[in-house]
Amino acid sequence: MSAVALALDLGGTKVESGLVTADGEILPGTRFRQPTGPSRSSDELAASVDAAARDALAALPPDAELLGVGIGAAGPIGVREGTVSPLNLAVWRGYPLRAQLESIVPDVPVTLRMDGLCITLAEHWRGAARGVDNVMGMIVSTGVGGGLILGGRTVAGASGNAGHIGHVEVAGFDDPCPCGGHGCLEAIASGPHTVAWARTRGFRGTTGEELAAAYAAGEEAAILAVRRSGLAIGRAIASATSLVDLEIVAIGGGFSHVTPELFDFIREPIAERVEFDYIRAVRVVPSGLSGDGPLLGAAALVHRSELVPSA
Ligand SMILES: [Zn+2]
């Protein structure tokens, strides 16, 4: 009999579900997806979560045991209350997502954490940070998210939102951010913001894919924009490392693939910290995860619960 976790990943455009084994494999035929998005009502979002969870549960093999439910959600969250307030799902503010799953699956523990923390757990379990105890996982995509493992255990913080690297302010930048900050990493270096900045320098495209093609073709505006975003990411990582002494930063998300040279640009400002060996020692590497990462990370809340202190 295999012991499985029900993993859920709630994002701004979809909610995904799957049954994940203790070896980190998604059982074939148990992965489902339902739409979310800012145009949906609260009831419609709840119905999507409900359908995704029940579809996966209905696929539970007769000889398998359900150990628990792990939920990774776009932040902010309320880790003690079990609530979510995803920035891009405005009808959900303080929505009791954990309680919804507890009502669907009443007999097993349900653990909710931020999606960035789940990605970091997945990197630590099955990705680029295996065997490393001081890790920041990062996603650079339409937004910039992250999470922390310090001393081999996840760090949730007082409210569950530790690791929000996208809203660390970066020296030398003052791009306004919807959160109220200025020069937040997300406002500089997300895919859409990098494209928008390139357009101010004459780039004519509108997507990250077009920016990647322009970079590869040697277009100056694209090169300047990617360098600028890499500089900001590198400065944010140097600051984060100065604060919490990271060993490795694993970066995934669509925009992290814009060019492999992005990682060289990220490493440059880190190398400038000449008097701090421990900052320059941080390794910045591409994510070792496939598209399964968010679900594996949510499942790790169950299968690797010893790394997840209770909130
Ligand atoms: Zn911000």
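Treat the numbers as computed from the prediction; the structure is a model and nothing was measured.

**Let's talk about the overall build of the protein chain**
Okay, so step 1: Check the secondary structure of the protein chain and you find 10 helices and 12 strands.
Okay, so step 2: Computed over its C-alpha atoms, the radius of gyration of the protein chain comes to 19 Å, within 12% of the 19 Å expected for a compact globule of 311 residues.
Okay, so step 3: Reported as C-alpha extents along the three principal axes, the dimensions of the protein chain are approximately 55 × 45 × 35 Å.
Okay, so step 4: Buried residues in the protein chain amount to 54% of all 311 residues.
Okay, so step 5: Long-range pairs, those at least 24 residues apart, make up 65% of the contacts in the protein chain with a sequence separation of at least 6.

**Re helix α3 (residues 115-126)**
Okay, so step 1: The end-to-end C-alpha distance of α3, which contains 12 residues, comes to 16 Å, matching closely the 16 Å that a straight helix rising 1.5 Å per residue would cover.
Okay, so step 2: For α3, the buried fraction is high: 10 of the 12 residues fall into the buried class.
Okay, so step 3: Looking at α3, one finds that the buried residues are Gly116, Leu117, Cys118, Ile119, Thr120, Leu121, Ala122, Glu123, His124 and Trp125.

**Let's talk about the packing of aromatic side chains**
Okay, so step 1: With the rule as written, the count across this model stands at 3 aromatic pairs.
Okay, so step 2: Between tyrosine 215 and phenylalanine 265 the ring centres are 6.5 Å apart and the planes differ by 65°, which places this aromatic pair in the edge-to-face class. Of this pair, tyrosine 215 sits in helix α6 (residues 208-216) while phenylalanine 265 sits in helix α8 (residues 262-271), and the two are 50 residues apart along the sequence.
Okay, so step 3: Using a relative accessible area of 9% as the deciding quantity, one classes tyrosine 215 as buried.
Okay, so step 4: Ring centres of phenylalanine 276 and tyrosine 278 lie 5.8 Å apart, and the angle between their planes is 80°; this geometry places the pair in the edge-to-face category.

**What to know about the coordination of the zinc ion**
Okay, so step 1: Here the zinc ion is held by His167 (ND1), Cys177 (SG), Cys179 (SG) and Cys184 (SG), and the distances to it run 2.1 to 2.4 Å.
Okay, so step 2: Around the zinc ion sit 4 donor atoms; with metal-centred angles ranging over 103 to 120°, the donor geometry is tetrahedral.
Okay, so step 3: Expressed as a motif, the donor residue spacing for the zinc ion is H-x9-C-x1-C-x4-C.
Okay, so step 4: Taking the relative accessible area as the measure of exposure, cysteine 184 reaches 1% and is therefore buried.

**Some remarks on unusual backbone geometry**
Okay, so step 1: Here the bond from glycine 75 into proline 76 is cis, since omega is 0°, no more than 30 degrees from zero.
Okay, so step 2: Take proline 76: it is sitting in the loop between β4 (65-73) and β5 (77-78).
Okay, so step 3: Not every positive phi belongs to a glycine, and aspartate 245 is a case in point at roughly 60°.
Okay, so step 4: On the accessibility criterion, aspartate 245 (42% relative accessible area) is partly exposed.

**Overview of the domain arrangement of the protein chain**
When the parts of a complex come together, some accessible area is lost, and that lost area is often used as the size of the interface.
Okay, so step 1: Entries for the protein chain in the domain assignment read domain 1 (2-118 + 292-307) and domain 2 (130-286).
Okay, so step 2: For domain 1 and domain 2, the distance between their C-alpha centroids amounts to 27 Å.
Okay, so step 3: A combined buried area of about 1,000 Å² lies between domain 1 and domain 2, and 55% of that area is made up of carbon and sulfur atoms.
Okay, so step 4: Three residues stand out in domain 1 for area buried against domain 2, namely Met114, Leu117 and Leu307, and they jointly supply 51% of the buried area on that side.
Okay, so step 5: Counting across the interface, domain 1 meets domain 2 through 0 salt bridges.
Okay, so step 6: Elements with a minimum of two residues in the side of domain 1 that touches domain 2: β5, β7 (110-114) and α3.

Criteria and thresholds
Residues numbered from 1 in each chain as written. Predicted model: local features only at pLDDT ≥ 70, side-chain atom pairs only at ≥ 80, totals over all residues. Heavy atoms only, no water. Helix = DSSP H or I, 4+ residues; strand = E, 2+ residues; numbered from the N terminus. Rg over C-alpha atoms; globule rule 2.2 N^0.38 Å. Buried < 20%, exposed > 50% of the residue type's maximum accessible area, 1.4 Å probe, protein only. Contact = heavy atoms within 4.5 Å. Expected span 1.5 Å × (residues − 1). Phe/Tyr/Trp six-rings, centres within 6.5 Å; stacked < 30°, edge-to-face > 60°. Donors = N, O, S within 2.8 Å, 3.2 Å for Na, K, Ca; no water. Tetrahedral: all angles 85-135°; square planar, octahedral: opposite > 155°, others 65-115°. Domains from an automatic or database assignment. Buried area = accessible area lost by both parts, 1.4 Å probe. Salt bridge = Lys/Arg side-chain N within 4 Å of Asp/Glu carboxyl O.

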